[in-house]
Amino acid sequence: MTVEEIKLRRLSNQHLLEPSDIMTVVRDLCGVQAQFFANAVHALKIRCSDFSEARIREQLVKNWTVRGTVHLFDPADNGLFLCCADGKNYRRNQWTEPSFWNRRGDWSLTPERQSLFTDVIVDALRDGPRSRDELKLICRQSGMTDAEEGSMFHPWGGGVREMCQRGFMHYAAQDGKAFCLTPDFSPVPEQKAMLELARRYFTCFAPATVHDAMYFFGAPARKVRGWLEQLPVTEVGCGGEKYYYIDSGRNYSGCEMAECLFLAGFDQLMMGYEKKESLFLRREHLKAVFTAAGIVRPTVLLRGSVVGCWSKKQNKLTISPFERMSTADRASVKEKAGALWQDIERIDFKEI
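Everything in this summary refers to the structure shown in the same document. Note that this is a predicted model, so its numbers are computed, not measured. (Residues numbered from 1 in each chain as written. Predicted model: local features only at pLDDT ≥ 70, side-chain atom pairs only at ≥ 80, totals over all residues. Heavy atoms only, no water.)

What follows is about unusual backbone geometry. That bond from A206 to P207 is cis: its omega, 0 degrees, falls within 30 degrees of zero. Inspection of the secondary structure assignment puts P207 in the loop between α10 (190-204) and α11 (210-217). Phi angles above zero are rare outside glycine, and C30 is one such case at about 55 degrees. Mapped onto the elements, C30 comes out in the loop between α2 (22-28) and β1 (32-33). Here the phi dihedral of R67 falls at roughly 60 degrees; this positive angle occurs in a residue that is not glycine. Within the secondary structure, R67 is located in the loop between β2 (61-64) and β3 (70-73). (Helix = DSSP H or I, 4+ residues; strand = E, 2+ residues; numbered from the N terminus.)

Looking at helix α12 (residues 221-230), one finds that the buried residues are V224, G226, W227 and L228. Those residues of α12 hidden inside the fold are in contact with α10, α11 and β8 (241-245). (Buried < 20%, exposed > 50% of the residue type's maximum accessible area, 1.4 Å probe, protein only. Contact = heavy atoms within 4.5 Å.)

Right, let's get into the pairing of strand β13 (residues 346-349). As defined by bridge partners, strand β12 (residues 316-321) adjoins β13 across four bridges and the pair is classed as parallel. Paired with T318 across the strands is D348, a residue of β13. For the segment spanning β12, helix α15 (residues 327-340) and β13, crossover handedness is right-handed. (Pairing = 2+ DSSP bridges. Right-handed = clockwise from strand over helix to strand, strands pointing away.)

To continue, consider the packing of aromatic side chains. Going through the model one piece at a time under the given rule, you end up with 17 aromatic pairs. Summarising the aromatic geometry, the rings of F262 and W310 are spaced 5.9 Å apart at their centres and angled 80 degrees between planes, so their arrangement reads as edge-to-face. Of this pair, F262 sits in strand β9 (residues 260-263) while W310 sits in strand β11 (residues 305-313); the two residues are 48 residues apart in sequence, bridging distant segments of the chain. Each member of the pair, F262 together with W310, is buried. Clustering of aromatic rings is evident, with ring pairs tying together Y201, F202, F205, F216, F217, W227 and Y273. (Phe/Tyr/Trp six-rings, centres within 6.5 Å; stacked < 30°, edge-to-face > 60°.)

Turning to the pairing of β8, a few remarks are in order. By the bridge criterion, five bridges tie strand β7 (residues 234-238) to β8 in an arrangement that is antiparallel. What sits directly across from E235, in β8, is Y244. Where β7 folds back onto β8 in an antiparallel hairpin, the turn is made up of two residues, including G239, whose phi is positive at roughly 60 degrees.

Following the criterion strictly, the structure yields 23 salt bridges and no others. With a shortest N-O distance of 2.7 Å, R47 and D267 are connected by a salt bridge. Placement of the pair is R47 in the loop between α3 (37-45) and α4 (53-59) and D267 in the loop between β9 and α13 (268-271), with a sequence separation of 220 residues. The burial state of R47 is the same as that of D267; both residues are buried. Between E259 and R303 there is a salt bridge, and its shortest N-O distance comes to 2.7 Å. One end of the pair, E259, is in the loop between β8 and β9; the other, R303, is in the loop between β10 (299-302) and β11, with 44 residues separating them in the sequence. Residue E259 is classed as partly exposed on the basis of its relative accessible area of 37%. (Salt bridge = Lys/Arg side-chain N within 4 Å of Asp/Glu carboxyl O.)

Structure (structure tokens):
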């Protein structure tokens, strides 16, 4: 299999050549990364045939999932993403066991106090969604100290994150930080859940290498190889590397490479594979996309290669190409931008 064939399959499997419905897209992609809500919205906009922000807000949920990052996903997949240690910790309001959070030197909640404020937050959410600030105020009114607030509402998650991961609540699918009670679900045993997510990965991100899957899941090689032994994968070679895929049922013979795509920040096409071995992004341009601050910028994909980054503020679009672009390539980018955004009044090209 050639590099171009692999790229074409990946684009097709990720619904970038032929859109599909929202639920199919988020299930196939194992959710879309959403710590910046606008990025997740754009990632779905370029992939979904039934796209609307209202549908996203009404039908999807937001929570910590793959790699410990926040994703938008189908609520029917709560059982997969929130494995809760084989169900043992599903909505378990008991916090005596050591965890990443309570072993931190700055942790200020005793198990008893964490249990108390878990009940306070759950009770507050019974009346409907609440913002982070509203929940802080309610907890203060119930006696929470400043130090306890710093633990429960830690910027990286803290006790609130633990509540989300145990199935008590989740983020509302919106830009602001508001929380909702999570409907009842049946936790899937962790090994079974990870095997299902690996099946989706090697179907819809494939062809992919072991290193790619390690990067996407944050998993060691032995675990990925264990999944491959249990899945109906086909192995192909390319450039001395072994790639694996599960037949998706798609017919790739009629697929054509997209002339131009505006990928989202933290797009699954960038996050789904070992970045240093990317087939879409040349290594010398890595730092322009994957920043030292942990940001993954929105990119312009031209005929299967990332050629620059983009940003949009109101009705102005700025393209930052890595190298000088030809007149024809600039025309292709402008044409795609005009089709994607109806409010564009100005497009600037600014070389990095």
